[in-house]
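An overview of the molecular structure
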Amino acid sequence: MANSDSQCEKPSLNDSHLHTPLIIYSARSQLLGRKAFLKNAWKDLTLAVPLAKRLFLQNIAQRYRYSSLGLFWAFVPSALIAILLTVGQRANIPGISDGGFPPQVYGIFGVIMMQTFLESLINQRMFLSQYIHLLIRQKIPIESLILAGLGEAAFSFIMRLPVLIAVLIFFNVIPKPTALLAPLGFAVIIALGAGAGLLLAPWNALSKDVESLLQFMPWLFFGLTPVFVAASPGNWYYKMFLINPLTYPFEAVRSWTYGAPMIYPPALWLVIPLSVMLLLGGWLFCRLSLPYVIERSLN
Amino acid sequence: MENILLETRNLSKRFCRDPRLAQKYTIEDILWEFRRQSEQSDSLRKGEFWAVNNVSLQLKAGESLGLIGHNGSGKSTLLNLLIGILRPTRGEIRWYTDRIIMIDNQSGLNPVQTGRENIYNKLSMHGMPLKEISENVDEIIDHSGIRDFIDSPLGTYSTGMRLRLAFSIYTRLCPDVFIIDEALGGGDIKFREKFNHFLRNYLENGGSLILVSHEPIILQSLCDQCLILDHGKEYRLGKTSEVLFDYYELMQIKAEDQINTQLPLSQQANQTSLFNQQGYQFGMVQITEVKITPLDAPEVRPGSQVKFEIICESQIDKENIEVYILVRRSDTSHLALLYGGYGDRSYSIKVGTNHFSCLVENLPFMPGRYNLIAGISHMENHSMLGLKGVTDVPMYLEVKSFHHPALQVCQGVQTSIYLPGQWH
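What you see is a predicted model; the values in this text were computed from it and never measured. (Residues numbered from 1 in each chain as written. Chains lettered and ligands numbered in written order. Predicted model: local features only at pLDDT ≥ 70, side-chain atom pairs only at ≥ 80, totals over all residues. Heavy atoms only, no water.)

1. Examining the overall build of chain B
- Counting secondary structure elements, chain B contains 10 helices and 18 strands.
- Taking all 424 residues of chain B together, the buried fraction comes to 52%.
- As displayed, chain B has an accessible area near 19700 Å², and 50% of this comes from carbon and sulfur atoms. (Helix = DSSP H or I, 4+ residues; strand = E, 2+ residues; numbered from the N terminus. Buried < 20%, exposed > 50% of the residue type's maximum accessible area, 1.4 Å probe, protein only. Areas by Shrake-Rupley, 256 points an atom, 1.4 Å probe, with all protein chains shown as cover.)

2. Focus on the packing of helix H4 (residues 130–144) of chain B against helix H5 (residues 159–173) of chain B
Residues and elements named next belong to chain B.
- Packing of H4 against H5 leaves a shortest axis separation of 8 Å and a crossing angle of 135°. One element, H4, and the other, H5, form an angle in the oblique class. The way H4 lies across H5 gives a crossing that is right-handed. Across the interface between the two elements, Asn136, Glu139, Ile140, His143 and Ser144 from H4 touch Arg164, Leu165, Ser168, Ile169, Thr171 and Arg172 from H5. (Axes fitted to C-alpha atoms, helices over the stretch in contact; angles between N-to-C directions. Parallel < 35°, antiparallel > 145°, perpendicular 65-115°, else oblique. Left-handed = near helix turned anticlockwise from the far one by under 90°. Contact = heavy atoms within 4.5 Å.)

3. With respect to the interface of chain B and chain A
- The interface of chain B with chain A comprises 76 residues on the first partner and 57 residues on the second.
- Across the interface of chain B and chain A, roughly 6000 Å² is buried in total on both sides, 59% from carbon and sulfur atoms.
- Three residues stand out in chain B for area buried against chain A, namely Arg36, Ile85 and Arg87 of chain B, and they jointly supply 12% of the buried area on that side.
- Remark: the boundary between chain B and chain A carries 1 salt bridge.
- Lysine 13 of chain B is paired through a salt bridge with glutamate 295 of chain A; the nearest N and O atoms lie 2.7 Å apart.
- The tally of links from chain B across to chain A stands at 16 residue pairs in polar contact (both at pLDDT 80 or more).
- Looking at the side of chain B that touches chain A, the element that brings in the most residues is helix H1 (residues 19–33) of chain B, giving 9 residues.
- Residue composition of the side of chain B that touches chain A, by class: 33 nonpolar, 24 polar and 19 charged.
- Pairing of strand E1 (residues 23–26) of chain A with strand E4 (residues 90–95) of chain B involves 4 bridges; the strand directions are antiparallel. (Buried area = accessible area lost by both parts, 1.4 Å probe. Salt bridge = Lys/Arg side-chain N within 4 Å of Asp/Glu carboxyl O. Polar contact = N/O pair within 3.5 Å; in protein donor to acceptor, adjacent residues only side chain to side chain. Nonpolar A, V, L, I, M, F, W, Y, C, P; charged D, E, K, R; others polar. Pairing = 2+ DSSP bridges.)

4. Here's the deal with the pattern of salt bridges
Residues and elements named next belong to chain A.
- For the coordinates displayed, the defined rule picks out 20 salt bridges over all chains.
- Linking aspartate 44 and arginine 287 is a salt bridge whose minimum nitrogen-to-oxygen distance equals 2.9 Å. Here arginine 287 lies in helix H12 (residues 267–298) and aspartate 44 lies in helix H3 (residues 34–65), a separation of 243 residues in the sequence.
- Of the residues examined, arginine 287 reaches a relative accessible area of 17% and is grouped as buried.

5. Side note on the confidence of the model for chain B
All names here are of chain B.
- In the predicted model, chain B carries a mean pLDDT of 82, and the fraction of residues at 70 or more is 88%.
- Looking over chain B, one finds the lowest element-wise mean pLDDT in helix H9 (residues 265–278), namely 42, and the highest in strand E11 (residues 306–314), namely 93.
- With pLDDT under 50 throughout, residues 262–279 is counted as low confidence; its partners more than four residues away or in other chains account for 10 contacts.
- Reported confidence for the predicted complex is 0.80 by ipTM and 0.74 by pTM. (pLDDT = per-residue confidence, 0-100.)

6. What about the sheet that holds strand E15 (residues 352–360) of chain B?
Residues and elements named next belong to chain B.
- If you trace the 3 strands from one edge of the open sheet to the other, you get E10-E11-E15, paired in antiparallel fashion. With partners counted over all chains shown, the strands left at the sheet margins are strand E10 (285–294) and E15, one partner each. The mean inter-strand angle of the sheet, taken between neighbouring strand axes irrespective of direction, is 15°.
- Taken together, the 9 bridges between E10 and E11 define a ladder with antiparallel strand orientation. By the bridge assignment, glutamate 289 is partnered in E11 with isoleucine 311.

7. Notes on the environment of asparagine 123 of chain A
Residues and elements named next belong to chain A.
- Among the secondary structure elements, asparagine 123 is positioned in helix H5 (residues 103–135).
- For the pair asparagine 123 and methionine 240, spaced 117 residues apart in sequence, the C-alpha to C-alpha distance is 26 Å.
- Excluding residues that lie within four positions of it along the chain, asparagine 123 makes contacts with Gly149 and Glu152.

8. Brief notes about the packing of H5 of chain A against helix H6 (residues 142–170) of chain A
Residues and elements named next belong to chain A.
- As a packed pair, H5 and H6 sit with axes 9 Å apart at the nearest point and diverge in direction by 160°. Accordingly, the angle class assigned to the pair H5 and H6 is roughly antiparallel. At the point where H5 passes H6, the crossing takes the right-handed sense.
- Among the residues forming the contact of H5 with H6, the class breakdown is 17 nonpolar, 7 polar and 3 charged.

9. As for unusual backbone geometry
All names here are of chain B.
- Positive phi, close to 45°, is recorded for cysteine 174, a residue that is not glycine.
- Considering the arrangement of structural elements, one finds cysteine 174 in the loop between H5 and strand E6 (177–181).
- On the basis of relative accessibility, which here comes to 11%, the residue cysteine 174 falls in the buried class.
- The backbone of asparagine 320 shows a phi angle near 50°, a positive value even though the residue is not glycine.
- Of note, asparagine 320 is situated in strand E12 (residues 318–328).

10. Some remarks on the packing of aromatic side chains
- Per the stated rule, a full pass over the model turns up 11 aromatic pairs over all chains.
- Centroid distance phenylalanine 170 of chain A to phenylalanine 171 of chain A: 5.1 Å. Interplanar angle 80°. Geometry classified as edge-to-face.
- Phenylalanine 170 of chain A gets classed as exposed once you look at its relative accessible area, which sits at 60%.
- Since its relative accessible area comes to 18%, phenylalanine 171 of chain A is described here as buried.
- Ring centres 6.3 Å apart and planes at 25° place the aromatic pair phenylalanine 285 of chain A and phenylalanine 34 of chain B in the stacked group. With phenylalanine 285 of chain A in helix H12 and phenylalanine 34 of chain B in the loop between H1 and strand E2 (48–60), the pair connects residues from two separate chains.
- Cluster of aromatic residues (ring-pair linked, three or more members): Trp203 and Phe285 of chain A together with Phe34 of chain B.
- Over the ring of phenylalanine 49 of chain B we find arginine 17 of chain B; its NZ or CZ atom is 4.1 Å from the centre of that ring. (Phe/Tyr/Trp six-rings, centres within 6.5 Å; stacked < 30°, edge-to-face > 60°. Lys NZ or Arg CZ within 6 Å of the ring centre and 35° of its normal.)

11. Let's talk about helix H7 (residues 182–206) of chain A
- Under the 1.5 Å per step criterion, the end-to-end length of H7 of chain A is 37 Å for 25 residues, consistent within 8% with the ideal 36 Å.
- Within H7 of chain A, 18 of the 25 residues are buried, which leaves it mostly tucked inside the rest of the structure. (Expected span 1.5 Å × (residues − 1).)

12. Remarks on H12 of chain A
- In this model H12 of chain A runs 45 Å from its N-terminal to its C-terminal C-alpha over 32 residues, within 8% of the 46 Å that 1.5 Å per residue would give.
- Largest kink in H12 of chain A: about 45°, centred on serine 289 of chain A, with the proline proline 291 of chain A one to four residues after it. (Bend = angle between axes of the 7 residues up to and from the residue.)

13. Some remarks on the side chain of glutamate 33 of chain B
- Examined against the element boundaries, glutamate 33 of chain B turns out to sit in helix H1.
- Here glutamate 33 of chain B falls in the buried class, since its relative accessible area comes to 0%.
- If sequence neighbours within four positions are ignored, glutamate 33 of chain B has contacts with Ser29, Gln30, Leu31, Leu288 and Tyr292 of chain A together with Arg87 of chain B.

14. Section: the side chain of arginine 125 of chain A
All names here are of chain A.
- Note on placement: arginine 125 falls in helix H5.
- Under the relative-accessibility criterion, arginine 125 is labelled buried at 5%.
- Aside from chain neighbours lying at most four places away, what touches arginine 125 is Gly197, Leu200, Ala201, Asn204, Glu211, Leu214 and Gln215.

15. A look at the environment of alanine 22 of chain B
- Assignment of secondary structure puts alanine 22 of chain B in helix H1.
- Along the sequence, alanine 22 of chain B and glutamate 48 of chain B sit 26 residues apart, while their C-alpha atoms lie 8.5 Å from each other.

Spelled out as structure tokens, the structure:
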């Protein structure tokens, strides 16, 4: 033991090291010193990256470790939905799509974007309850857990890309050069999902009632977002689509990829900063609530 | 202000036991954060109590601080406050280092992941770059001595293996302060000794330690300073040897209180039968004294004939019990067990005072001071009825040296035991 210990190179405890506390935990409101709060959050975020990478790789490996078909499962569900939609919608359902594109393309894009959104949301909503057994014992930067979740959502999106490309080829839809922007739309979708999930995570961990209530949410989102049905003025759900921020990245992805019309393009430029703010706000809210969530889990 | 690593001032934390109220308070507290105030309200809300109350302490580089107290005295809450998992209700904690490692009895590792994954996670959690981890990983695995199991999930490891792995990982991190929560309890003797040895070495090299333990003897062997907590409050803080006496006194007062507040006999019988159903009868027998009498010399010497007696007060009648005295070296390794109640020999215990005695013809111990633990348990399942010498006043056996040529040779070559043989 002596040998291994002597390998340690401890920094000498010089004066500057000693007079300024490196870490202070006080009873003051964490938001009293807003600058310090943000500075610490940023510091933890930078420290969290290596662990986030590890967790991301492990979660992906664990997800597919016990299945003989491995990564095949990452895109099979989306591919199956795509096939079902293609086969099932022989007849054109009126009003399902606009702009002369096959409604199946609209629907499959919608389903895959919705899946991406919901996965991102559920992933972040559950992360506190999922990792609480570790958080009550060790000081782990939650940023690494959040980043790993974002990475997983991005990974799922990448695994579904081949399905989207296959659909375009199958229906002879020629992608536009702006299709290269589509990942930005997906990033906004992931950020909105993650931001909403993070704002809900503490409540989810605190109360079983909230958890049960939140399980309804996916259905609600399916109804409020143009997944299968395009928004066109005159429809009763048109107004609902208008106030739903998800509508705009959904439409943008379709528009950028194959030129489907958008309801109100400028709104996207409002939704992009909104998604970033939601994500940052959700993260900071989780940071703020974490000690209290831990306290409840300890008792 | 030289070399201070940790300071806490008037540290307090309130908790609520009522789950409904606690939920309400948690939401209130989260919303309170947005009001940007400098202190939370000082008073307890309905259903709350102080889990930690006004604790101020200091830890300097090279110092080791022991925390001791009965169950629920606030030790774990204090540790959680120190490492920042919980937020104080009042007061402040200042750390002058960020190289702090906490080891709890779960070793702070993730049971679902494999040993190797845990090595990567722990090290990257403490900011070690992946490249450096990959360079070190083989050495860490060799150091832990569990190479064959390193790719199995941690949940399949024994406590000792888990600790061994944790220990190899943490050694690599070279912290300024180790915070250890009862982790020494797990693992086999060899490992415990290795760990003790490691901690002593670490302290000698200028490391600092905060150690929580129920066993005064462990604190005595590792800590210079000790803090006794009672109901979240500082009962006494000072030099370990001085403070532990107060702890024994405190435990004695608590034991007496327990006896004084016992139920009337009729209800006691009910309670006893309830305990019987659950098979839980710990504390029903109180070992009051362990008497050691040398029979062939004025004092206990190597090779003496010695009588060991256990005197106890029992609240129950019980057939088929076993009695024993465990002899430990001062470094807590087990040396010998005087065990009674096996084979066709069985003991029984009656309500009231009971005596058990045991004669050792030639005591094979070298001169020195040995720690004793006496116990009485059920023979069938070894569940304990009474125990002395662990969480209360330690008991010692002093073996004195005397002039004897064979003994002096043994002392010269530093043998572990003294075996007086009859040569013909």
